[in-house]
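# Descriptive analysis of the structure
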Amino acid sequence: MSYALQTLIHERSRYAAGVGAVLFSAVLIALQVGLLLGLFELTSIPVDHSTADLWVGGSHVESVDLGRPIPISYIGRLNKPGVQRPELYYLNFGNFTKPDGGNSLCTVVGTGLTAGHAGCPDVLTPEHRQLLTESLTIVADQSDLAKLGLSGVGDRGKVNGKEVRLVGVVTGLKSLAAPWLMCSQTTAREVLSGVNPLYADHVTYLLARCDDPARAPALARELAAEYPEMSVYTADEFSTKSRLFWLLRTKAGVALGYAALLGLLVGAVITAQTLYAATMASAKEFATLLALGIPRRRIYGLVMAQSFWVGLVGVALAYPLVHLLGSVAEQAGGRVVIRWEVLLGAAALTMATSLLAGLVALRSVKTIEPMSLLR
Amino acid sequence: MPAAPSNPSLRSVRLGRTFGDGATRRVALGSVTFDLHPGRLALLMGPSGSGKSTLLAILSGLLNPDAGQVLAWEAGAYVDVWALPQAEREAFRLRQVGFIFQGYNLFPAFTAAQQLEIVLRWGQNASAPDARRRSHAMLEGLVLGSQTHKKPAQLSGGEKQRVAIGRALVKGSKFIFADEPTSALDWENGKLVLELLRREAHDHGATIFVVSHDSRMLPYTDIAYHLEDGRLSEMSRSSLGEHP
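Here the structure is a predicted model, which is why all the values come from computation and not from measurement.

Counting its regular elements, chain B contains 7 helices and 10 strands. Taken over C-alpha atoms, the radius of gyration comes to 18 Å for chain B, in line with the 18 Å a tight globule of 244 residues would show. A principal-axis box enclosing the C-alpha atoms of chain B has dimensions of 50 × 40 × 40 Å. Classification of the 244 residues of chain B by burial places 47% in the buried group. Within chain B, residue pairs in contact and separated by at least 24 positions form 67% of the contacts whose partners lie at least 6 positions apart.

Attention now goes to the overall build of chain A. Helix and strand content of chain A: 12 helices and 11 strands. Its C-alpha radius of gyration of 29 Å places chain A more than 25% over the 21 Å reference for a compact globule of 375 residues. By principal-axis analysis of the C-alpha atoms, chain A measures approximately 95 × 50 × 30 Å. When each of the 375 residues of chain A is scored for burial, the buried share is 45%.

Bringing the sheet that holds strand β8 (residues 207-211) of chain B into the picture now. As a general point, the strands of a sheet are linked pairwise by backbone hydrogen bonds and lie either parallel or antiparallel. All names here are of chain B. Reading across from one edge, β6-β7-β8-β3-β9-β10 is the order of the 6 strands in this open sheet, with mixed pairing throughout. Across the chains shown, the open sheet's two edge strands, defined by having one partner strand only, are β6 (97-100) and β10 (231-234). The mean angle between the axes of side-by-side strands here comes to 20°, regardless of whether they run parallel or antiparallel. In this sheet, β8 lies alongside strand β3 (residues 41-45) in parallel orientation, the contact comprising 4 bridges. Within β8, the position partnered with L43 by the bridge is V210. Sheet strands in contact with helix α1 (residues 52-59) are β3, β7 (175-179), β8 and β9 (223-228), and its direction is about 155° off that of β8. On the sheet, helix α5 (residues 157-169) packs against β6 and β7 and is oriented at approximately 170° with respect to β6.

Another point: the environment of V119 of chain B. As for its position among the elements, V119 of chain B is in helix α3 (residues 112-124). Considering only alpha carbons, one finds V119 of chain B and E74 of chain B, 45 residues apart in sequence, at a separation of 21 Å. In contact with V119 of chain B, other than residues within four places in its own chain, are L292 and I294 of chain A together with R167, V170 and K171 of chain B.

All names here are of chain B. As judged from the 7 bridges shared by strand β1 (residues 10-19) and strand β2 (residues 26-36), these two strands associate in the antiparallel manner. When the sheet's bridge partners are listed, R17 is paired in β2 with L29. Count of turn residues in the β1/β2 antiparallel hairpin: 6 residues, of which G20 carries a positive phi of about 80°.

Residue and element names in this part refer to chain A. Put simply, helix α11 (residues 296-331) and helix α12 (residues 340-366) touch, their axes get as near as 8 Å, and they point 150° apart. In terms of their interaxial angle, α11 and α12 are classed as roughly antiparallel. For the crossing formed where α11 meets α12, the hand is right-handed. Per-class residue counts for the contact of α11 with α12 are 17 nonpolar, 7 polar and 1 charged.

Another point: the interface of chain B and chain A. Each side of the interface is counted separately: chain B has 25 residues, and chain A has 18 residues. Looking at the side of chain B that touches chain A, the elements that each hand over two or more residues are α1, α2 (86-96), β6 and α3 of chain B. Its residues assigned to classes, the side of chain B that touches chain A comprises 17 nonpolar, 5 polar and 3 charged.

Our focus in this paragraph is unusual backbone geometry. Residues and elements named next belong to chain B. Positioned with a positive phi, R14 is a non-glycine residue whose angle comes to about 45°. Relative to the elements of secondary structure, R14 occurs in strand β1. The phi dihedral of V143 is positive, around 55°, even though this residue is not glycine. Topologically, V143 is positioned in the loop between α4 (128-141) and α5.

Once that is clear, we can look at the domain arrangement of chain A. For interface size, the figure often reported is the accessible area lost on association. Residue and element names in this part refer to chain A. What the domain assignment lists for chain A is domain 1 (3-41 + 250-374) and domain 2 (45-249). The distance between the C-alpha centroids of domain 1 and domain 2 comes to 46 Å. Contacts between the two partners involve 6 residues from domain 1, matched on the other side by 5 residues from domain 2. Those elements giving two or more residues to the side of domain 1 that touches domain 2 turn out to be α2 (12-40) and α9 (252-281).

What follows is about the environment of Y15 of chain A. Residue and element names in this part refer to chain A. Looking at the element boundaries, Y15 is found in helix α2. Residue Y15 is classed as buried on the basis of its C-beta count, with 23 C-beta atoms lying within 10 Å. It is 51 Å that separates the C-alpha atoms of Y15 and D122, two residues lying 107 residues apart in sequence. Residues within four places of Y15 in sequence aside, it is in contact with L8, T274, A278 and V310.

What follows deals with the sheet that holds β1 of chain B. Residues and elements named next belong to chain B. Read across the open sheet, the 4 strands follow the order β2-β1-β4-β5; overall the sheet is antiparallel. Either end of the sheet is taken by a strand with one partner, and the two such strands are β2 and β5 (77-80). Along the sheet, successive strands turn relative to each other by an average axial angle of 25°, direction set aside. Against the sheet, α1 contacts β1, β2 and β4 (67-74), and its axis sits at roughly 125° relative to β1.

Here is what the cut-offs are and how they apply
- Residues numbered from 1 in each chain as written.
- Chains lettered and ligands numbered in written order.
- Predicted model: local features only at pLDDT ≥ 70, side-chain atom pairs only at ≥ 80, totals over all residues.
- Helix = DSSP H or I, 4+ residues; strand = E, 2+ residues; numbered from the N terminus.
- Rg over C-alpha atoms; globule rule 2.2 N^0.38 Å.
- Buried ≥ 20, exposed ≤ 12 C-beta atoms within 10 Å, placed from the backbone.
- Contact = placed C-beta atoms within 7 Å.
- Pairing = 2+ DSSP bridges.
- Axes fitted to C-alpha atoms, helices over the stretch in contact; angles between N-to-C directions.
- Parallel < 35°, antiparallel > 145°, perpendicular 65-115°, else oblique.
- Left-handed = near helix turned anticlockwise from the far one by under 90°.
- Nonpolar A, V, L, I, M, F, W, Y, C, P; charged D, E, K, R; others polar.
- Domains from an automatic or database assignment.

Below is the structure:
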């Protein structure tokens, strides 16, 4: 066992504060990112609840909710080997008028309604799909009913001035700001063309499945290269793109960065202080080694190794704690997305912070002089 | 006592050192000249504040003198210790100098054997098995063969000081400096420490320089000096008494 690790284990109470600080930083970063990812998952819900492999939209679509109308005639461009029959997908913001007259933003999502349609959200039951075939009917998420001023099935409101009726309530289609209103392609065309006449012969997206989903990225690249005025994404790409866009656009990423930086700073200061104090507590032993001619760099190495182990132990303890706190948050109704990339990133950042703290603590070694043992 | 060999191993030439400035200026060492020989245990006595530790620090390469030279015999020639660049002086200490302090200064987390091993591994880049073998052999010689696996908290004061002696000797140091090595020990353990140092000098030819104000040490030494007001004088043979 290394001298550094042996010291850490023997004097664990002394190093506990440093380990705790690293643990705190790592958990803070991982949970913050997890909560934000959870929050911004809501922006890609239409993509995540579809079974399409390819999403085709207008040029430079940044996020699924920001698609612009494209001519339905583009459908012929998808006539390629390996790409299955495309389907129409409408998605656009609308103005929702509540039964009490108030207004709210909403997002109209019009899809094919048979079980075989790639765009049909998987949370819709066969009954919902059947009910939605009736013109000007909608399905919304339970959590959005209050925003829409609706109390339940049968209530009516207006989208872009057209009266619609709520025929079903689902869970899993929660929105960030503008409630998703699921409807048929016909309903969508009707309510959207009222404010944007293009929707008479345009759609927002063309969706398609691939014979071999593994080939979707290659097919998306081919189509995008062939038709620069179209955006072509795989479902995974579009989902990530949508989340990232809102994460960056809302500056939530900046807020996260600041909070994470503060967490790291607190962790670094406490860890540096712990290592500094631990080194000074062994100052006489180190001074004896220096008197014997042991190079000072060996002691620097020991302190750096200690900072490494403090970081590693802290990160290792953080891992189960992140999962525990994540599931607690989920039970409380939050959504925490714990991804290995985030865990790895949080671990790398806190390890780096711990090593930085070690570098700061090296100051203590510089002050150690063997002559002090003779005074 | 072994006869003084012709070549002194450590020569102190007109060493001077003062502390402070102006009204607070204090002369710790006047012009101190004396020789130490290999194979002998030398004792330096004197009242508190007489400059004993200052002299030990200058001789051992820890504190620079204001004037004079320290010449150490190494590989057939004298090395002017304070004319060496700092890195070379540290390398000289690593090759030749061992220290024993009043406090044992042992790492609480390490076993007795590891306190020695770290010196070999870090100082001489010894392999782990080599460092372990040499450390165990050294501790056997210090009658600590059964204590090698114990940490300082499990050792008595005398045992801890013997581990500290082992740490000073294990790298094969030819010059051993000890500052009040027995002051924290009862006399029985103190005598044992002195016998071990004496044996190191007589059997292995080390140059041992001990600073103390305990006159009970005198019979165990080969030569003794008295330092007072910055002036050094050799004590008479008769004042040493017979080795028990």
